[in-house]
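So the chains spell out like this:
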Amino acid sequence: MSSSIDAGGDWSTRHSVLTMARRTAALVNALTGDRPDPGRVAEVLLAHGETGPVDLTPRDVSEMREAAGRLREVFAAEHAGEAAVVLNRLLGEHTGPLRLTSHGGATPWHPHLDRDDDAPWGEWLLASSCLALTVLVWDRQLPPGRICASAACRNVFITQGPGPERRYCSRRCATRERVAAHRRARSTASPG
Ligand SMILES: [Zn+2]
């Protein structure tokens, strides 16, 4: 899977480790819940460089959802060591050996951990995500991401990259929580 390259596209930016890690976070979020929408999952794949059409069977989505549940544990890790323990377990139990592929010459050579280029979507998601998240831990010696601090949200997001450290997945969650905290403070200050 994931043999995506556009003629003239900026391959190195679109396939950077950070871009792949962000794709992982977006997919984990799209695959959370009892019945993930296959159309929404396909949209996320296309938005992150997959070349269409993306046809996902119910079985594909169910396997991807299982992979997403495992990957969520990496985002729950509070320290690099904790993230490493989870990643080592996933790498030991669910991925193949490190190999290079060019998808038959369609892309530059790059590393894969799935067993072959036609691996099912669930295996591809887990393997490509483990690879990107592992490199981020290696590069920064920090957990690669977090779960949104808003109890109403729980989306995962990638913390590494430019900008200050953040606790929320989005500006929307940060604003909602700030307004709620302000209301709580005001009602405590003037009871009744
Ligand atoms: Zn959020």
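Residues numbered from 1 in each chain as written. Predicted model: local features only at pLDDT ≥ 70, side-chain atom pairs only at ≥ 80, totals over all residues.

## Some remarks on the overall build of the protein
Within the protein, the regular secondary structure consists of 7 helices and 4 strands. The order of α-helices and β-strands along the protein, N terminus first, is α-α-α-α-α-β-β-α-β-β-α. The burial tally for the protein puts 30% of its 192 residues in the buried class. (Helix = DSSP H or I, 4+ residues; strand = E, 2+ residues; numbered from the N terminus. Buried ≥ 20, exposed ≤ 12 C-beta atoms within 10 Å, placed from the backbone.)

## Quick word on the packing of helix H2 (residues 17–30) against helix H4 (residues 58–76)
Taken N-terminus to C-terminus, the directions of H2 and H4 make an angle of 120°; their axes are 9 Å apart at the nearest point. As summarised for this structure, H2 and H4 are arranged oblique, according to the angle between their axes. The crossing of H2 and H4 is left-handed. Between H2, through Thr 24, Leu 27 and Val 28, and H4, the contact on the second element is made entirely by Ala 68, Leu 71 and Arg 72. (Axes fitted to C-alpha atoms, helices over the stretch in contact; angles between N-to-C directions. Parallel < 35°, antiparallel > 145°, perpendicular 65-115°, else oblique. Left-handed = near helix turned anticlockwise from the far one by under 90°. Contact = placed C-beta atoms within 7 Å.)

## Structural notes on helix H6 (residues 121–140)
Taking 1.5 Å as the rise per residue, H6 with 20 residues should run 28 Å; its terminal C-alpha atoms sit 28 Å apart, in good agreement. Counted residue by residue, H6 has 15 buried out of 20 residues, so it is predominantly covered. Once H6 ends, the next one or two residues include Gln 141, with phi positive near 60°. (Expected span 1.5 Å × (residues − 1).)

## A word on the confidence of the model for the protein
Looking at the protein as a whole, the pLDDT averages 89, with 89% of positions reaching at least 70. In this model residues 1–8 is a low-confidence stretch, pLDDT under 50, and it forms 16 contacts with partners more than four residues away in sequence or in other chains. (pLDDT = per-residue confidence, 0-100.)

## Quick look at the nonpolar core
Ranked by internal contacts, the top residues of the largest apolar core, which has 39 residues, are Leu 27, Met 64, Val 74 and Cys 130. The set of elements that each furnish at least two residues to this core consists of H2, helix H3 (38–47), H4, helix H5 (80–94), H6 and strand S4 (156–158). A per-element tally of this core places H6 first, with 10 residues. Excluding residues within four positions of it along the chain, Val 74 makes contact with Ala 83, Val 86, Leu 87, Leu 133 and Pro 144. (Core = buried A, V, L, I, M, F, W, Y, C linked by C-beta atoms within 7 Å.)

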